[in-house]
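Here is what each chain is made of, one letter per residue.
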Amino acid sequence: EGGYHLKVSDIDIDVINTAHIWDKEKRDFSLAVVVQTWGSSPRQVGSMMLIRDDGHIVGSVSGGCVEGSVIVSAKKILANSSSEILDFGVADQDAWSVGLSCGGKISVFVCPRKKIQPSLFENLNLANVNRDIFQIECDFRRGEIYESKNLPSNDECLPLKLIPKARLFIVGAVHITQYLIPMAMEAGFEIVLIDPRSHFATRERFPSIEIMNDWPDEALKKFQLNENDCLVTLTHDPKIDDPALIIALNSPLFSISCLGSRKTHDSRRTRLQNRGISEGQLNRINGPAGLDINAKTPAEIAVSILAELIKDWRGGA
């Protein structure tokens, strides 16, 4: 693969938040970014890891294969205030010494704090809060990382488009939801729980997430829905689920899923068609929700739903 081309990656909020804090505390650190991969490399281009001057790390650039070597190099890079590209792979003489035995190769750009745009992490943190796309450039010639609005016209920069985490709207504070929420949060989803039945959607049952006791159509109208959003309906109650689906099907969500049997889903399609939803729109719905893994328990059903969401988020790849 020749040259460096625009790549898209998720905003790693743990890395960004930590970098923002360390930046404000004037702590010295390096940022390591995966800038190129070949074969079965364990992390995608855009994966990030912070290495503080005392060796503390946040994030990762591999499945644990090369982190030790990157940390050692990062300390030298900090001392010299000079960026460097590190290459790892099974073809390298020292590949096994760093543990990259998975058959892939990666290039990691390690940049010291002094070579990173001063406002970068503050601006990136704000972009994540506002759910905006944010573009940075890893400039290898200058050894710098900075915010960029324009694509470079040469192979000495990696333009990296960072997108906010996927946002999952769950309609229905049911038993499955109690399993789905923590798993989805661990997978990186931002959660909004909607249920007008306040005795189900309580802080005791669902701590630390946004709960809306509005009717779903009223709740969803308060958000600017886009292709980073997805919806799962879990109530089985048409009075609650259908209004949410009508909003979602007229919005560019990347995934829409509805719990229920095939018979229930056929009835749902008929109801929605009678309310003006087209066949093409109805075909966007994953119904019944979840990948077919013979799930039976609420926890297993939650796993199947989350797996399908991840598949849709990654474009089925």
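This text goes with the structure placed above it.
These figures come from a predicted structure and were not determined experimentally.

Asker: Where do I start with the packing of helix α7 (residues 238-249) against helix α8 (residues 262-274) in this structure?
Answerer: How two helices sit against one another is set out by the angle between their axes and by the gap between those axes. With their axes 11 Å apart at the nearest point, α7 and α8 run at an angle of 60 degrees to one another. Taken together, the axes of α7 and α8 lie oblique to each other. At the point where α7 passes α8, the crossing takes the right-handed sense. Note on element contacts: α8 touches α7 through Arg268, Arg271 and Leu272, opposite Pro238, Asp242, Leu245, Ile246 and Leu249.

Asker: Teacher, can you tell me more about the state of the cysteines here?
Answerer: For the coordinates displayed, the defined rule picks out zero disulfides. Cys258 forms no disulfide, and the closest cysteine sulfur to it belongs to Cys230, at a distance of 12 Å.

Asker: Just to check I follow, could you spell out the pattern of salt bridges for this structure?
Answerer: Any two side chains of opposite charge can pair, so long as their charged atoms come close to each other. Evaluated as defined, the whole model comprises 16 salt bridges. Among the salt bridges present, the one from Asp195 reaches Arg197, with a minimum N-O distance of 2.9 Å. Among the residues examined, Asp195 registers a relative accessible area of 0% and is labelled buried. Residues joined by salt bridges that share partners form a network here, namely Arg27, Arg52, Asp53 and Asp54.

Asker: Explain the sheet that holds strand β15 (residues 285-286) here, please?
Answerer: Through backbone hydrogen bonds, the strands of a sheet pair up, either in parallel or in antiparallel fashion. Strand order across the open sheet formed by six strands is β12-β11-β10-β13-β14-β15, with parallel pairing between neighbours. Whereas interior strands pair on both sides, the edge strands pair on one side only; in this sheet they are β12 (210-212) and β15. Judged from the five bridges that link them, strand β10 (residues 167-171) and strand β11 (residues 190-194) form a sheet pairing that is parallel. Counted as the bridge partner of Phe169 is Val192 from β11. Here α7 sits on the sheet and contacts β10, β13 (229-233), β14 (255-258) and β15; the angle it forms with β13, its principal contact strand, is near 160 degrees.

Asker: Just checking my understanding: could you explain the environment of Thr18 for this structure?
Answerer: Here Thr18 is to be found in helix α1 (residues 13-24). Considering only alpha carbons, one finds Thr18 and Val58, 40 residues apart in sequence, at a separation of 7.7 Å. Leaving out residues up to four positions away in the same chain, Thr18 has contacts with Leu50 and Val58. A polar atom in the side chain of Thr18 sits 2.7 Å from the backbone oxygen of Asp14.

Rules and cut-offs
The residue numbering used here restarts from 1 in each chain and proceeds along that chain's sequence as written. Residue-level local features of this predicted model are given only where pLDDT is at least 70; pairs of side-chain atoms are given and counted only at 80 or more, and the full residue set underlies all totals for whole chains, interfaces and linings. Computation of side-chain values covers all heavy atoms of the structure but excludes hydrogens and water. In this description, a line fitted to the C-alpha atoms serves as the axis of each element, helices being fitted only across the stretch in contact, and the angle between N-to-C directions of two axes falls anywhere from 0 to 180 degrees. Runs of E in the DSSP output that reach at least two residues are strands. Runs of H or I that reach at least four are helices, and both are numbered from the N terminus. Throughout this description, any angle smaller than 35 degrees is read as roughly parallel, any larger than 145 degrees as roughly antiparallel, any in the 65 to 115 degree range as roughly perpendicular, and the remainder as oblique. Handedness of a crossing follows from how the near helix is turned relative to the far one, being left-handed for an anticlockwise turn of less than a right angle and right-handed for a clockwise one. What makes two residues a contact is simply this: any of their non-hydrogen atoms within 4.5 Å. Working definition: a disulfide is two cysteine sulfur atoms within 2.5 Å of each other. Here a salt bridge means any side-chain nitrogen of Lys or Arg lying within 4 Å of a carboxyl oxygen belonging to Asp or Glu. Exposure is judged per residue with a 1.4 Å probe applied to protein chains only, and the accessible area is read against the type maximum: over 50% gives exposed, under 20% gives buried, and values in between give partly exposed. A strand pair is defined by DSSP finding two or more bridges across the two strands. Polar contacts here mean pairs of N or O atoms no more than 3.5 Å apart (in protein, one a potential hydrogen donor and the other a potential acceptor; neighbouring residues in sequence count only if both atoms are side-chain atoms).

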